[in-house]
Amino acid sequence: MPVGRRGILIAGGGTAGHLVPGLAVAAALTERGWPPTDIYFVGSARGMDSDMVPPAGYRLTTLGGRGLNARRLNGSNAIAAVTLAWATLRGVALVGRRRPAAVLSLGGYAALPAAVGAVLWRVPLIIAEQNAVTSGTNRLLRRFAKAAAVPVEGTGLRREVVTGNPVRPEVVSAARNAADARAQLGWPRAATIIVAFGGSLGSGRINAAVWGALDELLRRDGVLMYHVVGKRDWEQRPSAPPVRDTDAVVRDWYHAVPFDEHLPLALAAADLVICRAGASTIAELSVLGTRAVLVPLPAATKNHQHHNASSLVNAGLAQIVPDVEFDASRLVAEIDMAAKLGGDTSSTNDVPSKPTFGRPDSARRVADLIIEHSSMVPGTILPSETDSCEESGH
């Protein structure tokens, strides 16, 4: 084994669902003493990586390629296979050049190139699985991994350690300060707050249901709808703002934005959240304890969003509605049901406390696994050694 290994390489990306846990682990490593310059991301040129990783203070290499459409032989899959193979060659070369102390795989096709490099160069590989159903990439790599950080037991990965799905520091902070969230946002303390979102691009199904239900919801006193539309559907939003029966514009009771990088604060302030059931969303809601109506994405591989949602449902914090059944009338019905189950906050000045069962320390737990296995590699330069070298001028 060569000496002088230093730093951590985090492999994977493309979507916020993969990147958010990776960035959370990177922040936990930084808190443990790793300089941001020693934490390196390798992700997707087709995804959100360039928008999310460099602004967080970490270096990034993006590779081409895209996922294969399983069990189909066609031209599109052939092109995808060629581009993924080229990306894997580049990923193997990159790991060989950098020789990190460990590689963390976040799953998804974007993780494969650098993860294969870890296997070939005998760099400790740690898997971080976000979903209750293991991704194809992590399933492929499971026999080579030193450990697998998983959200729940029974993922089928070898050497699994239940760490929870890493959540952003902003989520932990929002959970701790939930009682002040409405004041920070300037929202009425006594209102019934509903937050709807569908990911960075948005969900056409959820957006259509919200817009169809606005007239009914905004006839009700004290109901505030905060709607994160998504970049894809932003231009499709209703051109005229909703109005009350008095013809007074209700801008203060319907807020629509294309994207919200501080969404955890809004989720902490909400009485009810309407959203998909991505792994990061479920992890964040479990830490925040906010009640949710979950509309799993039907096209999700192996129906993993439905499986993700089970933990919230079992905790009594969520209701699952099939995508095909979710429309404006069902949205209103679910809001009414949630009000009966969770209590109506519109007649009190006290924001009720929320039951939480998530793991706010999940990112630190994954960071501990990385540190444990990287420290076993001969020649690894740990943060304290890095500091000593820098102070001595070497």
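Residues numbered from 1 in each chain as written. Predicted model: local features only at pLDDT ≥ 70, side-chain atom pairs only at ≥ 80, totals over all residues. Heavy atoms only, no water.

A.B. asks: Let's hear about the overall build of the protein: which residues, and what values?
C.D. replies: From N to C terminus, the protein includes 14 helices and 15 strands. The proportion of buried residues among the 394 residues of the protein is 50%. Accessible surface computed for the protein: about 18000 Å², of which carbon and sulfur atoms make up 53%. (Helix = DSSP H or I, 4+ residues; strand = E, 2+ residues; numbered from the N terminus. Buried < 20%, exposed > 50% of the residue type's maximum accessible area, 1.4 Å probe, protein only. Areas by Shrake-Rupley, 256 points an atom, 1.4 Å probe, with all protein chains shown as cover.)

A.B. asks: Describe the side chain of Asp-323, naming the residues involved and giving the relevant values.
C.D. replies: Looking at the secondary structure, you find Asp-323 in the loop between strand 14 (318–320) and helix 12 (328–342). Taking the relative accessible area as the measure of exposure, Asp-323 reaches 11% and is therefore buried. In this structure the side chain of Asp-323 is engaged in a polar contact, spanning 2.8 Å, whose partner is the side chain of Arg-276. Dropping the residues within four chain positions of it, Asp-323 is found in contact with Arg-205, Arg-276, Val-295, Pro-296 and Pro-298. (Polar contact = N/O pair within 3.5 Å; in protein donor to acceptor, adjacent residues only side chain to side chain. Contact = heavy atoms within 4.5 Å.)

A.B. asks: Which residues make up the confidence of the model for the protein, and what are the values?
C.D. replies: Averaged over every residue, the pLDDT of the protein is 85; the share at 70 or more is 83%. A low-confidence stretch, residues 344–349 (pLDDT under 50), is modelled with 13 contacts involving residues beyond four sequence positions or located in other chains. Counting contacts from residues 385–394, a segment whose pLDDT is below 50, to residues more than four positions away or on other chains yields 7 contacts. (pLDDT = per-residue confidence, 0-100.)

A.B. asks: Residues and numbers for the nonpolar core, please.
C.D. replies: Counting 35 residues, the largest nonpolar core has Val-195, Val-273 and Leu-294 as the members making the most contacts within it. Ranked by the residues each element gives to this core, the list is headed by helix 9 (residues 263–269), at 6 residues. Counting residues in each nonpolar core, the second largest holds 30 residues, with Ala-28, Ala-128, Ala-149 and Ala-363 among its members. (Core = buried A, V, L, I, M, F, W, Y, C linked by side-chain atoms within 4.5 Å.)

A.B. asks: Which residues make up the sheet that holds strand 5 (residues 102–105), and what values do they have?
C.D. replies: Read across the open sheet, the 7 strands follow the order 4-3-2-5-6-7-8; overall the sheet is parallel. A strand with exactly one partner marks an edge of an open sheet, and here the two such strands are strand 4 (59–63) and strand 8 (160–162). The average undirected angle you get between the axes of adjacent strands in this sheet is 20°. (Pairing = 2+ DSSP bridges. Axes fitted to C-alpha atoms, helices over the stretch in contact; angles between N-to-C directions.)

A.B. asks: Pulling in residues and values, what's your account of the environment of Ser-200?
C.D. replies: Structurally, Ser-200 is set in the loop between strand 9 (192–197) and helix 8 (204–217). Measuring from C-alpha to C-alpha, the distance between Ser-200 and Thr-15 comes to 8.6 Å, with 185 residues separating the pair along the chain. Not counting chain neighbours up to four residues away, the residues in contact with Ser-200 comprise Met-48, Gly-230, Lys-231 and Phe-259.

A.B. asks: Tell me about the pairing of strand 7 (residues 147–150), and name the residues and values.
C.D. replies: Residues Ala-147 and Ala-149 of strand 7 are buried on one face, and the alternating residues Ala-148 and Val-150, pointing to the opposite face, are buried as well. For strand 6 (residues 125–128) and strand 7, the ladder comprises 3 bridges, and the chain directions are parallel. Each bridged residue has a counterpart across the sheet, and for Ala-128 the counterpart in strand 7 is Ala-149. Between the parallel pair strand 6 and strand 7, the chain is carried across by helix 5 (residues 136–141), and the sense of this crossover is right-handed. Across 3 bridges, strand 7 lies against strand 8 in parallel orientation. Note on strand 8: the bridge partner recorded for Ala-149 is Val-161. (Right-handed = clockwise from strand over helix to strand, strands pointing away.)

A.B. asks: Would you mind going over the packing of aromatic side chains in detail, with residue names and values included?
C.D. replies: In the structure shown here, the tally under the stated rule is 2 aromatic pairs. Where Phe-41 meets Tyr-58, the ring centres are 5.8 Å apart and the plane angle is 45°; that geometry is what we call tilted. Of the two residues, Phe-41 sits in strand 3 (residues 39–44) while Tyr-58 sits in the loop between helix 2 (49–52) and strand 4, which places them 17 residues apart along the sequence. When its relative accessible area of 0% is taken as the criterion, Phe-41 is described as buried. Tyr-58 gets classed as buried once you look at its relative accessible area, which sits at 9%. Both rings, one in Trp-187 and one in Tyr-226, keep their centres 5.1 Å apart while their planes meet at 55°; by these two values the pair is tilted. (Phe/Tyr/Trp six-rings, centres within 6.5 Å; stacked < 30°, edge-to-face > 60°.)

A.B. asks: Go over the pattern of salt bridges, please, and point to the residues and values.
C.D. replies: For the structure on display, the rule yields 13 salt bridges. Salt-bridge contacts for Arg-182 lead to Asp-271; the nearest nitrogen and oxygen are separated by 2.8 Å. One end of the pair, Arg-182, is in helix 7 (residues 181–185); the other, Asp-271, is in the loop between helix 9 and strand 12 (272–275), with 89 residues separating them in the sequence. The exposure class assigned to Arg-182 is buried, which follows from its relative accessible area of 3%. (Salt bridge = Lys/Arg side-chain N within 4 Å of Asp/Glu carboxyl O.)

A.B. asks: Kindly report on the environment of Ile-8, identifying the contributing residues and their values.
C.D. replies: One can find Ile-8 in strand 2 (residues 8–11). Residue contacts for Ile-8: discarding those within four places in its chain leaves Leu-29, Trp-34, Asp-38, Ile-39, Tyr-40, Ala-101, Ala-102 and Ile-370.

A.B. asks: Describe helix 1 (residues 16–31), with residues and values.
C.D. replies: Taking 1.5 Å of rise per residue, the 16 residues of helix 1 would be expected to cover 22 Å, and the 22 Å separating its terminal C-alpha atoms lies within 8% of that figure. A large share of helix 1 lies buried, amounting to 12 of its 16 residues. Those residues of helix 1 that sit buried are His-18, Leu-19, Val-20, Pro-21, Gly-22, Leu-23, Ala-24, Val-25, Ala-26, Ala-27, Ala-28 and Leu-29. (Expected span 1.5 Å × (residues − 1).)

A.B. asks: Which residues make up the sheet that holds strand 11 (residues 254–257), and what are the values?
C.D. replies: Within a sheet, neighbouring strands are paired by backbone hydrogen bonds and run either parallel or antiparallel to one another. With respect to topology, 6 strands assemble into an open sheet ordered 11-10-9-12-13-14, the strand pairing being parallel. Edge positions in the sheet fall to strand 11 and strand 14, since each has one partner strand and no second. In this sheet, neighbouring strand axes are inclined to one another by 15° on average, regardless of whether the strands run parallel or antiparallel. Two elements, strand 9 and strand 12, share 3 bridges in a ladder whose sense is parallel. By the bridge assignment, Ile-194 is partnered in strand 12 with Leu-272. Against the sheet, helix 11 (residues 304–314) makes contact with strand 13 (292–294) and strand 14, and its axis sits at roughly 145° relative to strand 14, the strand it touches most.

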